[in-house]
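# Structural characterization, general
Each chain, written out:
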Amino acid sequence: MKYILLLIFVFSTSFSPIETNVFICGSTGAKKYHYKETCRGLSSCKHEIVKTSLKKAQGLGLSLCGWED
C-alpha cells in the first residue's frame, strides 16, 4: 500500500507543468517581459520590477525583451 501511494505521489507531482516566472516593469506603459531581473532592458524602469508568470505577461500583450531573444 505504501508503494502505491508513493507512485501516485511521484506521478502526480512529476507531470505537473512548471510555471516560468518572468519580470516586468510595473509601469502601465510596459511592453516587454524579461527572464532575468538583471536584464539591461529593465535598467530604465522607474517603477517597481514585478515578478509574474510567463502566461500572465503574455496575456497582458507583453513580448520578450530584445536583449534576451
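Right above here is the structure, for reference.
Residues numbered from 1 in each chain as written. Predicted model: local features only at pLDDT ≥ 70, side-chain atom pairs only at ≥ 80, totals over all residues. Heavy atoms only, no water.

As a further point, take the overall build of the protein. Secondary structure assignment for the protein yields 2 helices and 4 strands. Listing the helices and strands of the protein from first to last along the sequence gives α-β-β-β-α-β. Burial statistics for the protein: of 69 residues in total, 22% are counted as buried. Nonlocal contacts in the protein, meaning residues at least 24 apart in sequence, comprise 62% of its contacts between residues at least 6 apart. A total accessible area of about 5,700 Å² is found for the protein, and carbon and sulfur atoms account for 60% of it. (Helix = DSSP H or I, 4+ residues; strand = E, 2+ residues; numbered from the N terminus. Buried < 20%, exposed > 50% of the residue type's maximum accessible area, 1.4 Å probe, protein only. Contact = heavy atoms within 4.5 Å. Areas by Shrake-Rupley, 256 points an atom, 1.4 Å probe, with all protein chains shown as cover.)

Let us look at the packing of aromatic side chains. Applying the stated criterion across every chain, the model contains 1 aromatic pair. Ring geometry for Y33 versus Y35: centroids 6.0 Å apart, planes at 85°, classification edge-to-face. The partly exposed category is assigned to Y35, whose relative accessible area is 37%. (Phe/Tyr/Trp six-rings, centres within 6.5 Å; stacked < 30°, edge-to-face > 60°.)

In this section: the state of the cysteines. Enumeration over the complete set of coordinates arrives at 1 disulfide. In this model, C25 is linked to C45 through a disulfide, with the two sulfur atoms separated by 2.0 Å. With the S-S bond torsion at 80°, the cross-link from C25 to C45 turns out right-handed. Of this pair, C25 sits in strand β1 (residues 21-25) while C45 sits in the loop between β2 (32-33) and β3 (49-53), placing them 20 residues apart in sequence. C45 matches C25 in its accessibility class, with the two residues each being buried. The thiol of C39 is not disulfide-bonded; the next cysteine sulfur, from C65, is found 3.8 Å away. Judged by its relative accessible area of 9%, C39 falls in the buried class. (Disulfide = S-S within 2.5 Å.)

This part covers the environment of E37. Tracing the backbone shows E37 in the loop between β2 and β3. Residues E37 and V22, spaced 15 residues apart in sequence, show a C-alpha to C-alpha distance of 7.9 Å. Non-local contacts of E37, meaning those with residues more than four positions away in its chain, are made with F23, L42 and I49.

Within the element layout of this structure, Y33 appears in strand β2. Its relative accessible area of 6% is what places Y33 among the buried residues. Sequence separation of Y33 and N21 is 12 residues, and the distance between their C-alpha atoms is 9.8 Å. In this structure the side chain of Y33 is engaged in a polar contact, spanning 3.5 Å, whose partner is the side chain of Q58. (Polar contact = N/O pair within 3.5 Å; in protein donor to acceptor, adjacent residues only side chain to side chain.)

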